[in-house]
Amino acid sequence: MIRSMTAYASAERAGPSGTLTCELRTVNHRYLEISPRLPEDLRSFESALRERIATKLSRGKVDVTVRLRSEQGNAEGLRINGSVLSRLSELALDLEQRFPRMNIEFTELLRFPGVLQQPEADADALQAALLDVVDRALDALSDTRGREGEKLGEILRERLDGIEKIVGDVRGWLPEIRTALRARLETRLADVRQPAEPGRLEQELVLQITRIDVDEELDRLKTHISEARRVLALKEPVGRRLDFLMQEFNREANTLGSKSVDSRTTNAAVELKVLIEQMREQVQNIE
C-alpha cells in the first residue's frame, strides 16, 4: 500500500460546546512528528489526540489545528457571576465620586472576564467529540494520501521497468564487449617487438575480463528490481524499505560505471543513476 506523506484534510462536527473543526496538514519526515494547536478548553486532551493520530499514521510531520466555535446567539445556560459583578459595582461607585462624568455601560461590564459564565461542559463528551472529528479528518487524510500514493507507485514502477530494460541491454552487450576487448589485446601484443610468452594473451584477457566483469552487479540489480516490486505490493508502510533499496540500487550503478570499458555501458550507468535518483526523490514522499 503506497501512501504519500504529503496531504491535507479537514472535518467538522457539532459538539457539546459548539462546532469543532479539525485540519490536518502532513509533509514528508523521517519519523512521525505531531504538532497540535488546540484551544484552551481542549488542551487537556492533547495526549489522547496524539495517541489517536499515532494509530493511523506512521511517518510524516503532522500539523493539527483544532478550533472550537460557540454557536452565535445561544444564550442557554449562561449565568452572571454575582460576586464579580458586585465587586465591579463597588469599584464603579468609588470611581464615580472621583470622576463624575464617567459613564459605564452595562454591556461593557458583561465583557469583563468572569462576569458571564458558561456551564461547564461534560469532559468525557467533549473528548469524544474531539476524537470523532479527528477520526473523520484522519479518514479523509488517509484517502488523499492513498490516491497520491497510487500515482507515486505508478511512477516508481515505470522507473523500475526502465532500469530492467537497461540491465537487459547491458547483459546483451557483454559478449560483444569481451570480443572487442580480446581484439584490442591481440593488437597490442602484436605491436610488441618481442614475441609474447605462450598463454600471455589468455592471461591478460582473463585479468581484464575479471576487472570489467559486471555479471554480479547486473544480477544484484535484477534482485533489487524484484524486491522493489514486491515491496510496492505490500499492504503496510514501505517508505523506509524503499529508501534502503534506493541506496543499494545506487551502489550497483556506481560500480557498473566504474568498471565500464565501453561507451554503451558508460551511458547505461548514467541512465541508471538518473532513473534511480528520480525514484529516490519520489520515495522521500512515501510513508
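Fair warning: this is a prediction, and the values are worked out from it, not measured in the lab.

**Side note on the overall build of the protein chain**
- Counting secondary structure elements, the protein chain contains 8 helices and 6 strands.
- Here the protein chain holds 287 residues, and 33% of them are scored as buried.
- Counting only contacts in the protein chain whose residues sit at least 6 apart along the sequence, the fraction spanning at least 24 positions is 79%.
- As displayed, the protein chain has an accessible area near 17,400 Å², and 49% of this comes from carbon and sulfur atoms.

**Comments concerning the sheet that holds strand β3 (residues 32–37)**
- With mixed pairing, 4 strands are arranged side by side in an open sheet as β1-β2-β4-β3. Two strands lie at the open edges of the sheet, namely β1 (7–15) and β3, each paired on one side alone. Across the sheet, the mean angle from the axis of one strand to that of its neighbour is 15 degrees, orientation sign disregarded.
- Direction of pairing for strand β2 (residues 18–27) relative to strand β4 (residues 60–69): antiparallel, over a ladder of 9 bridges. Across the sheet, residue V27 finds its bridge partner in β4, namely K61.
- Where helix α1 (residues 46–56) meets the sheet, it contacts β3 and β4, and its direction lies at approximately 140 degrees from that of β3.

**Re the pairing of β3**
- Relative to β4, β3 runs parallel, the two being bridged by 6 bridges. Its bridge partner lying in β4, I34 is registered against V62.
- In this fold, the crossover linking β3 to β4 by way of α1 has left-handed handedness.

**So, the packing of helix α7 (residues 239–258) against helix α8 (residues 263–283)**
- Where α7 contacts α8, the two axes come as close as 9 Å, and the packing angle between them is 165 degrees. When the axis of α7 is compared with that of α8, the two are roughly antiparallel. The two elements α7 and α8 meet at a crossing, and its hand is left-handed. Here G239, L242, D243, M246, F249, N250, A253, N254, L256 and G257 of α7 lie close against α8, whose contacting residues are A269, L272, K273, I276, M279, R280 and V283.
- Taken together, the residues that form the contact of α7 with α8 break down as 10 nonpolar, 4 polar and 3 charged.

**Looking at the side chain of D135**
- Positionally, D135 belongs in helix α4 (residues 123–191).
- When near neighbours in sequence (up to four residues on either side) are disregarded, D135 contacts R52 and K56.

**Some remarks on the pattern of salt bridges**
- The final tally for this structure, using the stated rule, is 28 salt bridges.
- In this structure, R3 engages E287 in a salt bridge whose closest nitrogen and oxygen atoms are separated by 2.8 Å. Of this pair, R3 sits in the segment before β1 while E287 sits in the segment after α8, placing them 284 residues apart in sequence. No difference in accessibility class separates R3 from E287, as the two residues are buried.
- Overlapping salt bridges bring together E216, E217, R220, E252 and K259 as one network.

**Things to note about the packing of helix α6 (residues 215–232) against α7**
- Viewed as axis vectors pointing N to C, α6 and α7 meet at an angle of 160 degrees, and their least axial separation amounts to 10 Å. In terms of axis orientation, α6 runs roughly antiparallel to α7. Two packed elements cross with a definite hand, and for α6 against α7 that hand is left-handed. Each of E217, L218, R220, L221, H224, I225, E227, A228, R230, V231 and L232 in α6 lies in contact with α7, whose residues at this interface are R241, L242, L245, E248, F249, E252, T255 and L256.
- A class-by-class count of the residues in the contact of α6 with α7 yields 10 nonpolar, 2 polar and 7 charged.

**Examining the side chain of S260**
- Position of S260 among the secondary structure elements: in the loop between α7 and α8.
- For S260, the side chain forms a polar contact with the side chain of T266, separated by 2.7 Å.
- Excluding anything up to four places from it in sequence, S260 contacts T265 and T266.

**Re the pairing of β2**
- Burial within β2 is extensive, with 8 of its 10 residues counted as buried.
- Alignment of β1 against β2, held across 9 bridges, turns out to be antiparallel. Paired with A9 across the two strands is L24, which belongs to β2.
- The loop that links β1 with its antiparallel partner β2 comprises 2 residues.

Here is what the cut-offs are and how they apply
Residues numbered from 1 in each chain as written. Predicted model: local features only at pLDDT ≥ 70, side-chain atom pairs only at ≥ 80, totals over all residues. Heavy atoms only, no water. Helix = DSSP H or I, 4+ residues; strand = E, 2+ residues; numbered from the N terminus. Buried < 20%, exposed > 50% of the residue type's maximum accessible area, 1.4 Å probe, protein only. Contact = heavy atoms within 4.5 Å. Areas by Shrake-Rupley, 256 points an atom, 1.4 Å probe, with all protein chains shown as cover. Pairing = 2+ DSSP bridges. Axes fitted to C-alpha atoms, helices over the stretch in contact; angles between N-to-C directions. Right-handed = clockwise from strand over helix to strand, strands pointing away. Parallel < 35°, antiparallel > 145°, perpendicular 65-115°, else oblique. Left-handed = near helix turned anticlockwise from the far one by under 90°. Nonpolar A, V, L, I, M, F, W, Y, C, P; charged D, E, K, R; others polar. Salt bridge = Lys/Arg side-chain N within 4 Å of Asp/Glu carboxyl O. Polar contact = N/O pair within 3.5 Å; in protein donor to acceptor, adjacent residues only side chain to side chain.

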